[in-house]
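Here's the letter readout for the chains.
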Amino acid sequence: MIYSGIVRRKRTAVPTAQVPETVVPEAIIEQARRAIEAERIKKPVACVVCGGESAPISAEGLCWVCRRLKLSAWRDSDPQMSAQE
C-alpha cells in the first residue's frame, strides 16, 4: 500500500452572524399598500393633442408619439435659432 499524501479532514462549522429581524410598523405597511392601489386604480389621462393614452412620465399630458414629436421639433428649431444669431 502506497501513501498518496491526501488526507481528508472534517470541516469545522463557521459560526454565522445573527442578523436582527427588522420590524416595519403596520401603519407604514398599510400606507404603502394604499399608495400602490391608488396608482393601479388611476385612470390614464387622454393626450391633449391626439386623444390617445398619455405617457405616465409626461407632465404635459402628451402620449409617447406626441411627446417624441415635440422633442424632435425642439431639436430641429435649436440649430436654426443659433444660425440666425
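This text goes with the structure placed above it.
Undergrad: Requested: an account of the overall build of the chain, with residues and values cited.
TA: The number of helices and strands found in the chain is two helices and zero strands. The burial tally for the chain puts 9% of its 85 residues in the buried class. A fraction of 0% describes how many contacts in the chain between residues 6 or more apart in sequence connect residues 24 or more apart. Carbon together with sulfur atoms contributes 58% to the accessible area of the chain, which is approximately 8,600 Å² in total.

Undergrad: How would you explain the environment of valine 49 if you had to name every residue and give the values?
TA: With respect to the helices and strands, valine 49 occurs in the loop between helix H1 (26-41) and helix H2 (64-84). Among residues more than four places away in sequence, those in contact with valine 49 are Leu62 and Cys66.

Undergrad: With reference to specific residues and values, describe the side chain of serine 54.
TA: Among the secondary structure elements, serine 54 is positioned in the loop between H1 and H2. You can call serine 54 buried: its relative accessible area is 13%. Leaving out residues up to four positions away in the same chain, serine 54 has contacts with Val45, Ala46, Cys47, Gly61, Leu62 and Cys63.

About the cut-offs
Residues numbered from 1 in each chain as written. Predicted model: local features only at pLDDT ≥ 70, side-chain atom pairs only at ≥ 80, totals over all residues. Heavy atoms only, no water. Helix = DSSP H or I, 4+ residues; strand = E, 2+ residues; numbered from the N terminus. Buried < 20%, exposed > 50% of the residue type's maximum accessible area, 1.4 Å probe, protein only. Contact = heavy atoms within 4.5 Å. Areas by Shrake-Rupley, 256 points an atom, 1.4 Å probe, with all protein chains shown as cover.

By themselves, these are just geometric observations and shouldn't be taken as functional.
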